[in-house]
Amino acid sequence: MHWLFLAAAILCEVAGTICMKLSEGFAKPVPSVLVFVFYCIGLAMVTYALKKIDLSVAYTIWGGVGTTLVALIGIYYFGEAATTLKFVSIGLVIAGIVGLKLSYS
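Description of the structure in this document.

Reading guide: rules and limits
- Residues numbered from 1 in each chain as written.
- Predicted model: local features only at pLDDT ≥ 70, side-chain atom pairs only at ≥ 80, totals over all residues.
- Heavy atoms only, no water.
- Helix = DSSP H or I, 4+ residues; strand = E, 2+ residues; numbered from the N terminus.
- Buried < 20%, exposed > 50% of the residue type's maximum accessible area, 1.4 Å probe, protein only.
- Contact = heavy atoms within 4.5 Å.
- Areas by Shrake-Rupley, 256 points an atom, 1.4 Å probe, with all protein chains shown as cover.
- Lys, Arg positive; Asp, Glu negative; His and termini not counted.
- Charge placed at Lys NZ, Arg CZ, Asp CG, Glu CD.
- Phe/Tyr/Trp six-rings, centres within 6.5 Å; stacked < 30°, edge-to-face > 60°.
- Lys NZ or Arg CZ within 6 Å of the ring centre and 35° of its normal.
- Salt bridge = Lys/Arg side-chain N within 4 Å of Asp/Glu carboxyl O.
- Expected span 1.5 Å × (residues − 1).
- Arc of directions from axis to C-beta.

Examining the overall build of the protein
Part 1 of the reasoning: For the protein, the helix and strand inventory stands at four helices and zero strands.
Part 2 of the reasoning: Its C-alpha atoms give the protein principal-axis dimensions of roughly 45 × 35 × 15 Å.
Part 3 of the reasoning: Counting the 105 residues in the protein, one finds 30% classified as buried.
Part 4 of the reasoning: If you take every contact in the protein between residues at least 6 apart in sequence, the share linking residues at least 24 apart comes to 66%.
Part 5 of the reasoning: Within the structure as shown, the protein displays about 6500 Å² of accessible surface, and the carbon and sulfur contribution to it stands at 74%.
Part 6 of the reasoning: Taking the average place of the 6 positive charges on the side chains of the protein and the average place of its 4 negative ones, the gap between the two points comes to 6 Å.

Here it is in structure tokens:
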């Protein structure tokens, strides 16, 4: 169940970050409010996840998977540059996540 809380936290973080972009500097009210809603829910979910998952593992997965998803959404949805360096960097983030997850017993 705690891994589901972590997955929900990641999805909320990604949704909050997308809303941050869509808010256009807090100029649009609905995405602006959703930034705070999604981040608050995400923080609550990661707090529940931390009851059973090691802090180092949970935070790395939360931050790393969220960062990876936001980077990919930026490329595919917002038309950001898709450079080789960007994809190599995303691969390194994923490698770090896998390494820490493998250390979790």
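That was the structure; now back to the text.
Overview of the packing of aromatic side chains
Part 1 of the reasoning: This structure, assessed with the given rule, holds four aromatic pairs.
Part 2 of the reasoning: Ring centres of Phe5 and Tyr48 lie 5.3 Å apart, and the angle between their planes is 35 degrees; this geometry places the pair in the tilted category. Of this pair, Phe5 sits in helix α1 (residues 2-22) while Tyr48 is found in helix α2 (residues 29-49), placing the two residues 43 residues apart along the sequence.
Part 3 of the reasoning: On the basis of relative accessible area, Phe5 is assigned to the partly exposed category, the value being 22%.
Part 4 of the reasoning: According to the relative accessible area criterion, Tyr48 is partly exposed, its value standing at 41%.
Part 5 of the reasoning: Relative to Phe78, the ring of Tyr77 has its centre 4.7 Å away and its plane inclined at 90 degrees; by these criteria the two rings are edge-to-face.
Part 6 of the reasoning: Take Tyr77: its relative accessible area is 60%, and that puts it in the exposed class.
Part 7 of the reasoning: Judged by relative accessible area, which is 27%, Phe78 ranks as partly exposed.
Part 8 of the reasoning: A cation over a ring is seen here: Lys21 above Phe78, with NZ or CZ 5.8 Å from the ring centre.

Examining the pattern of salt bridges
Part 1 of the reasoning: This model, assessed by the stated rule, comprises one salt bridge.
Part 2 of the reasoning: Note that Glu24 and Lys28 form a salt bridge whose closest N and O atoms lie 3.3 Å from each other.

Notes on α2
Part 1 of the reasoning: For α2, built from 21 residues, the straight-helix expectation of 30 Å at 1.5 Å per residue is met to within 8% by its first-to-last C-alpha distance of 31 Å.
Part 2 of the reasoning: For α2, the complete set of buried residues consists of Pro31, Ser32, Val35, Gly42, Met45, Val46 and Ala49. One side of α2 holds all its buried residues, which, seen down the axis, span an arc of 155 degrees. What points out from α2, more than 90 degrees from its buried face, is the exposed set Pro29, Val30, Val33, Phe36, Cys40 and Thr47.

With respect to unusual backbone geometry
Part 1 of the reasoning: In this structure, Glu24 takes a positive phi of about 50 degrees despite not being glycine.
Part 2 of the reasoning: Within the secondary structure, Glu24 is located in the loop between α1 and α2.
Part 3 of the reasoning: Since its relative accessible area comes to 51%, Glu24 is described here as exposed.

Read these as geometric descriptors, not functional statements.
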